[in-house]
Amino acid sequence: MSAEPIQTLRGRVAIVSGGGNGIGGAIASELAARGAKVVVNDIDAERAHRKAAEIGPAAIAAPGDASSSADVRAVVTLAIEAFGKVDILVNNAGMDQAVPILDLKEEDWDRLMAVNLKSAFLFSKAVLPGMIERGYGRIVCTSSVVAHRGAMNGGIHYGTTKGGMLGFTRTLARQMAKTGVTVNAIAPGVVDTDLIRTHMPDDVREQVIKDIPLGRLAEPFEIGRAVAFLASDDAAYMTGATLNVNGGFWIG
Ligand SMILES: NC(=O)c1ccc[n+]([C@@H]2O[C@H](COP(=O)([O-])OP(=O)(O)OC[C@H]3O[C@@H](n4cnc5c(N)ncnc54)[C@H](O)[C@@H]3O)[C@@H](O)[C@H]2O)c1
């Protein structure tokens, strides 16, 4: 019998962007398991509703495009109407495209920048006034091991956004340092989700597993648990940091 997780997030309200699937879905479940109320945002409404239903009354679905300022405002409004405030923001929404630079279209570069990076700006800007007013907030931004070692298989635009997420995190951490809001990044290694299954051919996957000292891909819940730590009071003295959860794929 597994023990119930300690309720480190009791009374907290979290928004998880791209929370309907994969890593975001696991983050939403882990935050709820620790007592948080969770707002599951996803551009895929069905995924958002399915995940919120799976969690139960502690969660609501808030479909919307994380790269659209109107949708982001609507998600934050819904969160406040349902749960009164937002304490935790997880900027997780993201997409990848395994396209070599010479085949990459300008509009695809722009779209990926908007979904992977601008979304973090829009969501952070929307929740920060309330966090600053209450003197408390936790923002966690999803980067990747590719920010450190380059994308093995993903596009140049993907690798660029994941490095950009670290710059965003470090700069916002400094700007928020006196407000009670901490801002940290999580940099997962290769996690067994649809994003990887869709974009990584089997031969690359096998080579990657050989290169990972722990000898396997990560499970989404292992990233969820690390985010739950960053979102808790246990991480009160961390800001501007990057938590690498990668099985030793990049050690630095
Ligand atoms: N899987 C990995 O190995 C890995 C490694 C490092 C970092 N990451 C990052 O983790 C995050 C989640 O990746 P994943 O593997 O779970 O992917 P996934 O494709 O399984 O899930 C991503 C979710 O985001 C949603 N989404 C996409 N665009 C959106 C938008 N504009 N607005 C709102 N929601 C949107 C999708 O519908 C989907 O439900 C991404 O930022 C990704 O870059 C993944």
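Residues numbered from 1 in each chain as written. Predicted model: local features only at pLDDT ≥ 70, side-chain atom pairs only at ≥ 80, totals over all residues.

Strand order in this open sheet of 7 strands is S3-S2-S1-S4-S5-S6-S7, and the pairing throughout is parallel. In this open sheet, the two strands that pair with only one neighbour each are strand S3 (59-63) and strand S7 (242-245). Pairwise comparison of adjacent strand axes, ignoring direction, gives a mean angle of 20 degrees for this sheet. Two strands pair when backbone bridges link them, and strand S1 (residues 13-16) and strand S2 (residues 37-42) are joined in this way by 4 bridges, in the parallel orientation. Its bridge partner lying in S2, Val13 is registered against Lys37. Its contacts with the sheet place helix H2 (residues 45-55) against S2 and S3, and it is angled at close to 175 degrees to S3. Helix-sheet contacts for helix H6 (residues 156-176) involve strand S5 (137-142), strand S6 (181-188) and S7, and the interaxial angle to S6 is about 165 degrees. (Pairing = 2+ DSSP bridges. Helix = DSSP H or I, 4+ residues; strand = E, 2+ residues; numbered from the N terminus. Axes fitted to C-alpha atoms, helices over the stretch in contact; angles between N-to-C directions. Contact = placed C-beta atoms within 7 Å.)

Attention now moves to helix H1 (residues 22-33). Here H1 is 12 residues long and its end C-alpha atoms lie 17 Å apart, about the 16 Å a rise of 1.5 Å per residue gives. For H1, a buried count of 12 out of 12 residues is recorded, marking the element as mostly surrounded by other parts of the structure. Of the residues making up H1, those classed as buried are Gly22, Ile23, Gly24, Gly25, Ala26, Ile27, Ala28, Ser29, Glu30, Leu31, Ala32 and Ala33. After H1 finishes, the residue Gly35 shows a positive phi value of roughly 105 degrees. (Expected span 1.5 Å × (residues − 1). Buried ≥ 20, exposed ≤ 12 C-beta atoms within 10 Å, placed from the backbone.)

Turning our attention to the packing of H1 against helix H9 (residues 220-230). Packing of H1 against H9 brings their axes to within 8 Å, and their N-to-C directions diverge by 50 degrees. Here H9 runs oblique to H1, going by the angle between their axes. For the pair H1 and H9, the crossing hand works out as right-handed. Taken together, the residues of H9 that come into contact with H1 (itself represented by Gly22, Ile23, Gly25, Ala26, Ile27, Ser29, Glu30 and Leu31) are Pro220, Phe221, Ile223, Gly224, Arg225, Val227 and Ala228. Its residues assigned to classes, the contact of H1 with H9 comprises 9 nonpolar, 4 polar and 2 charged. (Parallel < 35°, antiparallel > 145°, perpendicular 65-115°, else oblique. Left-handed = near helix turned anticlockwise from the far one by under 90°. Nonpolar A, V, L, I, M, F, W, Y, C, P; charged D, E, K, R; others polar.)

It is worth spelling out the site of the ligand at this point. Contacts to the ligand come from 29 residues, most closely from Gly18, Asn21, Gly22, Gly94 and Leu195. Elements that contribute at least two residues to the shell around the ligand include exactly H1, S2 and helix H7 (194-199). Tallied by class, residues from the shell around the ligand come to 11 nonpolar, 13 polar and 5 charged. (Near = placed C-beta within 6 Å.)

Looking only at H2, the buried set comprises Arg47, Ala48, Lys51, Ala52 and Ile55. An end-on view of H2 places all buried positions within 125 degrees of arc, on one side of the element. Opposite the buried face of H2, by more than 90 degrees, sit the exposed residues Glu46 and Ala53. (Arc of directions from axis to C-beta.)

This part takes up the nonpolar core. Ranked by size, the top nonpolar core spans 73 residues in total, and within it Ala14, Ile15, Leu31, Val38, Val40 and Val227 carry the most contacts. The element contributing the most residues to this core is helix H4 (residues 106-134), with 10 residues. Those residues in contact with Val40, other than ones at most four positions away along the chain, are Val16, Gly19, Gly20, Ala28, Ala48, Lys51, Ala52, Ala59, Ala61 and Ala62. (Core = buried A, V, L, I, M, F, W, Y, C linked by C-beta atoms within 7 Å.)

Let us look at the packing of H4 against H6. Two elements in contact, H4 and H6, have axes whose closest approach is 10 Å; the angle formed by their N-to-C orientations is 20 degrees. In terms of orientation, H4 lies roughly parallel with respect to H6. Crossing hand, H4 versus H6: right-handed. Within the contact between the two elements, H4 uses Asp108, Trp109, Leu112, Met113, Asn116, Leu117, Ala120 and Ser124 and H6 uses His157, Tyr158, Thr161, Gly164, Met165, Phe168 and Leu172. Taken together, the residues of the contact of H4 with H6 sort by class into 9 nonpolar, 5 polar and 1 charged.

Attention now goes to the pairing of S6. Most of S6 is tucked away: 8 of the 8 residues are buried. Here S6 shows a buried face lined by Val181, Val183, Ala185 and Ala187 and a second buried face lined by Thr182, Asn184, Ile186 and Pro188. Sheet analysis places S5 next to S6, joined by 6 bridges and oriented parallel. Residue pairing for S6: Gly137 is matched across the bridge by Val181.

Turning to the environment of Asp87, a few remarks are in order. By the element assignment, Asp87 lies in the loop between helix H3 (69-83) and strand S4 (88-91). Classification of Asp87 by C-beta neighbours within 10 Å gives buried; the count is 22. Between the alpha carbons of Asp87 and Gly150 there is a distance of 32 Å; along the sequence they are 63 residues apart. With residues near it in sequence (within four places) discarded, Asp87 still touches Arg12, Val13, Ala14, Tyr136, Gly137 and Arg138.

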